[in-house]
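Summary of structural features
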Amino acid sequence: MGWKSAIAVSVLSLALAGCQDVLESVDNKAEYELPRKLVNKMKAQDQRVRAPIMMRIFKEEGVLEVWKSKASGRYALVKEYEICKWSGELGPKFKEGDRQAPEGYYHIKPYQMNPNSSYYLSFNMGFPNAYDRAHGRTGSHLMVHGACSSAGCYSMTDELMIEIYAFAREAHRGGQKAFQVQAYPFRMTAENMARHRDHQHYEYWKMIKVGYDHFELTKQPPKVDVCEGRYVFNQVLEEEEDKFEPRLACPPSQAPQSLQLAYAAREKQYNEDFAEAVNALEKQKMTPAIATLLGANGQKQQSDIQETATLPQPAAPARTTNVLPQPPASQADSVASVPIPAPADTASANTKKPRVKKSWWRVW
């Protein structure tokens, strides 16, 4: 092993030992206090340690975000954590045993927290939720947990999970009855949606994207309901006695007008960005075909095109000196520098035609 490799291994070992020391120094991991650096950051952002939180999960990016409420009621990002493992593929969970990590909107109450988890620490996501049940989806014990091992869950390393758990614990102790976890296949940008526009779950993603957009606009967790077997967001009932039923028709309701206007403007820009992203992707698809046409296998076709393009030009012998016509027999013909008009009589004209052609080649 070279000296550079030895140093790298030593540094890595010290880093891992440092993480392990932090975990081993915690007498009660469920009561772990958030690091002073995070507490100071929250204070700088006008966030109390026990203020409400919200989490977002992005499968494709492998990220879990913790957002926290400010004094204004709007949320700001506190920290982003790398997901160690998640199982399955992009798309929602359908049934028990499919080893698929869920997507959608879930709410975590204090009783869903597990300080004695076999996977270090954990909280239950609450799958199936109202939407999942409306579609007959089954599953249980879908968690966010430590131990970096997943069979349908979102798994973190222990040193990250101890912080995530502490955020959730403090929010509950501060009075938050349930914090929201939004689980997405990817960040729902126009570019990502365009990339996945042919995916079997695209329509589902378009539906949950509305909630994603509402949060981006308001920086507050959206109010989530289910009716007609679909998610609806920030809807205010027109009649107080009405309620949302997952399998029944949606009662008369609408989002606040200010949100409607902001969302309409965002959608307009999104549609333009989406169309541009699709066009860019289509151009990328064309590039390999053109490369094949003009590559080694397509050289013959290219030469054929070039040869065809030269046909309207003067005949090939004009460019090759060794195939020029022989000098004319008479001296008069040899000194002609421009085409000579044909004589009046037909016989003479017939004899002059080849000479005119020879004189033209000389001028050209």
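Residues numbered from 1 in each chain as written. Predicted model: local features only at pLDDT ≥ 70, side-chain atom pairs only at ≥ 80, totals over all residues. Heavy atoms only, no water.

Ordered by their spatial adjacency, five strands build an open sheet running β4-β9-β8-β7-β6, and the pairing between neighbours is mixed. Both outer strands of the open sheet, β4 (85-86) and β6 (113-114), are each paired with one neighbouring strand and no more. Of the pairings in the sheet, the one linking β6 to strand β7 (residues 122-124) comprises two bridges and is antiparallel in character. Of the residues in β7, the one forming a bridge with N114 is S122. (Pairing = 2+ DSSP bridges. Helix = DSSP H or I, 4+ residues; strand = E, 2+ residues; numbered from the N terminus.)

Turning next to the sheet that holds strand β3 (residues 75-82). If you walk across this open sheet you meet the five strands as β3-β2-β1-β10-β5, and the pairing is mixed. Of all the strands in the sheet, the pair left with one neighbour each is β3 and β5 (104-108). The average angle at which neighbouring strand axes cross in this sheet is 20 degrees, direction not considered. In this structure, β5 lies alongside strand β10 (residues 179-184), joined through five bridges in antiparallel fashion. Across the sheet, the residue bridging to Y106 is V181, located in β10. (Axes fitted to C-alpha atoms, helices over the stretch in contact; angles between N-to-C directions.)

A few words now on the pattern of salt bridges. One pass over the structure, following the stated rule, counts 22 salt bridges. Linking E65 and R56 is a salt bridge whose minimum nitrogen-to-oxygen distance equals 2.9 Å. Each member of the pair, E65 as well as R56, carries the same accessibility label: buried. One salt bridge connects E267 with K209, and the closest N-O pair in it is separated by 3.6 Å. (Salt bridge = Lys/Arg side-chain N within 4 Å of Asp/Glu carboxyl O. Buried < 20%, exposed > 50% of the residue type's maximum accessible area, 1.4 Å probe, protein only.)

Enumeration according to the criterion identifies 14 aromatic pairs in this entry. Taking 5.3 Å as the distance between ring centres and 90 degrees as the angle between the ring planes, the aromatic pair formed by Y184 and Y212 counts as edge-to-face. Of this pair, Y184 sits in strand β10 while Y212 is found in helix α6 (residues 202-218), placing the two residues 28 residues apart along the sequence. Exposure class is identical for Y184 and Y212. Each is buried. In textbook terms, an aromatic cluster arises when at least three aromatic residues are bridged by ring pairs, as seen for F58, Y105, Y131, Y184, Y204, Y212, Y231 and F233. The side chain of K29 reaches across the aromatic face of Y120, ending 5.4 Å from its centre. For the cation-ring pair, R137 lies above F94, with the distance from its terminal atom to the ring centre recorded as 4.4 Å. (Phe/Tyr/Trp six-rings, centres within 6.5 Å; stacked < 30°, edge-to-face > 60°. Lys NZ or Arg CZ within 6 Å of the ring centre and 35° of its normal.)

Geometry only, nothing functional implied.
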